[in-house]
Amino acid sequence: MDWVFLAELAINGALTGLLYSLFAIGLVLIYKASSVPNLAQGGLTMVGAYVVLALSHDAGLPLWLAIPLAAVIMFGLGFGIERVALRRLAGRPVIMILMLTLGLDIFLRGTTLAIWGGTSRSMELGVSYEPLFLGDLFISRIHLVGAGVAIALFVGFMVFFRSRTGIKLRAIADDYMASWSVGISVERGVGLSWALASVVAVAAGVIWGEIQGVDQALSLLLLKGLTVAVLGGLDSILGAVIAGIILGILENVGADFLDPLVGGGSRELIVAAVLILTVMIRPHGLFGRHEIERV
Amino acid sequence: MFFRLSGVHHANYVSDSRVFKIPADRNLAMFVFLFGLAAPFIVPSLYLNSYMLPWLIWTAAALGLNLVTGWAGQLHLGYAAVMAVGAYSAIHAVRFGIPWEFALIIGGLSSSVIGSLFAFAALRVKGLYLALTTLAMQFVMDWVLTHSPAITGGSHASLQSPTLALLGQEITSDAGYYYVAFGWCVLVTIFMLNLKRTGLGRALVAVREKDFAAAILGVNSFYYKILAFATSSFIAGVSGALLVATFFFLAAPEQFSVTVSIQVLAMVIVGGLGSIIGSYFGVALILLVPGVVNGLFSTASQSLGMQINVETLAHIPNAVYGALIVVILLIEPLGLGKLYGNIRDYLMVWPFDQLRK
């Protein structure tokens, strides 16, 4: 085994993994505040990427203006989704909420494709496709940029959760009944978490759109995002970041070993296996709280 | 009005444990059954085979999922994978020379075995985590199917289904296919109607409501969970095999992908958890309405002289399908079965509704 090659696989895996974290942070934000597993995050990511494209390519705005504008639009969309749909099902059994978010996902995907069409389009961020050489290792530039964005978001949220609004959100996550009784508007807090998750979806959509093109495949990140979120503990942002790195390395290095054995395509298998094993062995994940109902 | 009752009252246990509590329900069911029998002579063959047949088979499949999700309360996002197991093992059994009657049972049984694997997840966790595990298992099954040429013929291949033959008769006519689907759907419906009258059904409901309370009553929740998964997987396997034998005629991995799992779950939830007539409504809505809406859009755009992009037209059914799920859940989280129940309960005592108050 060539150690340089292995290191290269691991580093690029970790960078890809941080991009999964970028996606998973959105899931964690919503789960933290309202215990809702947001299966529509894939759809939101897709909408985010298409809105950026619509603003920059179709309306001709420069990217530095288009991305923040898209973030504002998605902030509103997230608030709206919570207000119109999720709030009315609050307190219902998890299966109905799960189905609602699945329905939302299908609806968002269908509507986006009906408006903008299904052909893959490119984001054209202007990041060079030339690989970056670090000694003998070569590293993809866009992955590096994406990993930087993921870490910046992580730091941003860490700071945010120390602010007044952030503390309110943490209180809601802890115990929403108690938060209610001390005068925190739980509804607004949950709405805010949806809005923030939608903004995260814009970031994930832009980076992933640059990597694999903006099309329906963006919503397929859901399984990987879910795996990262569950492995990290579903309600821990730090967990999502670390779990992302772990899954990325496992996937990249594992696929290199397994692909020759099974004839390719073992990435999906590794992700699914990690998800199953996590739930079976340690359902609260690496950093989650121990409140999962075990049978 | 239609029912002319002042409420449902029972004077003895025999009348309380009837399948149909009031005569009007029984009459309605008989009417629908007779209509179903006569359908090949009434309904044009295009509608019979492209709408009613898939509707009936998907209803049978949805009832199977309803058994595990609605009755036993276990989330299942890998149902299509279980259907795939049944479909592929039945086809391979027939190709091996086993008659279709036994091949269908083999399909069902092998689905039961694989479906029980899903149950082992249910023994560990429940709720959201069970949903995620079954979802991951669906991906594993998808992967196995597309990567084992011995089963499926590879990722982009499809497997031709041999001609369906039951009781020594080759079935090739439209009416024949329809009757096979109709017979299976009736069988599953009768099973489900009687389920809630049996100890099994009551045990499943006890497990759904609270598994340790059920354990105190002497209901072994592990045993009943596995039984629920195995039974529903049997129904899934036979439904999957019949779907391929009478509707698709080809088996391909994409027919049993994760989107199909989500679709069946949507049918069950939109129809109503634990509601039999709801499953019929749910399947009809999810299966048929997007196509109808698409037809409406294309005719409307043609008659108004508007040009709608082909791609837009292709994705509208998906948007409508998602919107249907969301809207129905917002209007009535217990689904169409509950809506039907409300209307029925209102009409049942309609002119005399003051009697109940």
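Numbers given for residues are sequential positions, taken from 1 along each chain in its written order. Here the convention is simple: chains get letters from A, ligands get numbers from 1, in the order in which they are written. pLDDT decides what is reported in this predicted model: residues at 70 or higher carry local features, side-chain atom pairs at 80 or more are listed and counted, and totals for whole chains, interfaces and linings draw on all residues regardless.

Novice: When you look at the overall build of chain B in this model, what are you seeing that I'm missing?
Specialist: Helix and strand assignments follow DSSP, with helices taken as H or I runs no shorter than four residues and strands as E runs no shorter than two, numbered in order from the N terminus. Broken down by element type, chain B carries 15 helices and 4 strands. Scaling as 2.2 N^0.38, a compact globule of 357 residues should have a C-alpha radius of gyration of about 21 Å, and chain B matches this with 21 Å. Projected onto the principal axes, the alpha-carbon positions of chain B cover approximately 65 × 60 × 45 Å. Any residue whose C-beta has 12 or fewer other C-beta atoms within 10 Å is treated as exposed, any with 20 or more as buried, and any in between as partly exposed, C-beta atoms being built from the backbone. A buried classification covers 45% of the 357 residues belonging to chain B. Contact between two residues is assigned when their C-beta atoms, built from the backbone, lie within 7 Å. Pairs at least 24 residues apart make up 75% of the contacts formed inside chain B by residues separated by at least 6 positions. The globule rule is 2.2 Å times the number of residues to the power 0.38, and the radius of gyration it is compared with is taken over C-alpha atoms.

Novice: Could you clarify how one ought to interpret the interface of chain A and chain B in this entry?
Specialist: When the parts of a complex come together, some accessible area is lost, and that lost area is often taken as the interface size. Counting from both sides, the interface comprises 41 residues of chain A and, opposite them, 37 residues of chain B. Residues were grouped as follows: Ala, Val, Leu, Ile, Met, Phe, Trp, Tyr, Cys and Pro as nonpolar; Asp, Glu, Lys and Arg as charged; and all remaining residues, including Gly, as polar. Residues of the side of chain A that touches chain B, tallied by class, amount to 28 nonpolar, 7 polar and 6 charged.

Novice: Is there a simple way to think about the UniProt feature "transmembrane region" (unreviewed entry) in chain A in this case?
Specialist: All names here are of chain A. UniProt positions are given in the numbering used here, feature names are shortened, and annotations may be inferred rather than shown by experiment. Under the local residue numbering, the UniProt record ascribes the feature "transmembrane region" (unreviewed entry) to residues 6–31, 61–81, 93–118, 138–161 and 226–249. The span residues 61–81 is 90% helix and 0% strand, and its two end C-alpha atoms sit 27 Å from each other. From the first C-alpha to the last, residues 138–161 spans 36 Å; its make-up is 83% helix and 8% strand.

Novice: Hey, could you run me through the packing of helix α12 (residues 258–271) of chain B against helix α13 (residues 276–304) of chain B in this one?
Specialist: For any two helices packed against each other, one specifies the inter-axial angle together with the distance between the axes. All names here are of chain B. Here an axis means a line fitted to C-alpha atoms, over the contact stretch when the element is a helix, while the angle between two N-to-C directions is reported on a 0 to 180 degree scale. Running from N to C, α12 and α13 point in directions that differ by 125°, and their axes come no closer than 7 Å. In terms of orientation, α12 lies oblique with respect to α13. Crossing hand, α12 versus α13: right-handed. On the side of α12, the interface is formed by Gln263, Ala266, Met267, Val268, Val270 and Gly271, while α13 contributes Gly278, Ser279, Phe281, Gly282, Val283, Leu285 and Ile286. Put simply, angles under 35 degrees are roughly parallel, angles over 145 are roughly antiparallel, angles from 65 to 115 are roughly perpendicular, and the rest are oblique. With the far helix as reference, a near helix turned anticlockwise by less than a right angle produces a left-handed crossing, and one turned clockwise produces a right-handed crossing.

Novice: Please explain helix α4 (residues 94–116) of chain A as it appears in this structure.
Specialist: One turn of the α-helix equals 3.6 residues, which is why residues spaced by three or four share an orientation. All names here are of chain A. To estimate how far a helix should extend, the number of its residues minus one is multiplied by 1.5 Å. Along its 23 residues, α4 runs 33 Å from first to last C-alpha, staying within 8% of the 33 Å computed at 1.5 Å per residue. Among the 23 residues in α4, 20 count as buried, and that is most of the element. A positive phi of about 85° marks Gly117, the residue just after α4.

Novice: How do you make sense of the nonpolar core when you look at a structure like this?
Specialist: Considering soluble globular proteins, one finds that nonpolar side chains tend to be buried as a cluster. A set of buried Ala, Val, Leu, Ile, Met, Phe, Trp, Tyr and Cys residues, joined through C-beta atoms within 7 Å, is what we mean by a nonpolar core. If you look at the biggest cluster of nonpolar residues, it comprises 200 residues, and the most contacted ones within it are B:Ile57 and B:Ala181. Considering each element in turn, this core owes the most residues, 15 residues, to helix α8 (residues 186–212) of chain A. When sequence neighbours within four positions are dropped, the list of residues in contact with B:Ala181 reads B:Leu53, B:Leu56, B:Ile57, B:Leu242 and B:Thr246.

Novice: It is not clear to me how unusual backbone geometry should be interpreted in this structure. Could you clarify?
Specialist: Backbone phi values are negative for most residues with the exception of glycine, while trans is the configuration of most peptide bonds. Unusually for a residue other than glycine, A:Leu234 sits at a positive phi of about 60°. Inspection of the secondary structure assignment puts A:Leu234 in the loop between α9 (221–232) and α10 (237–262). Non-glycine residue B:Phe249 carries a positive phi angle of around 65°.

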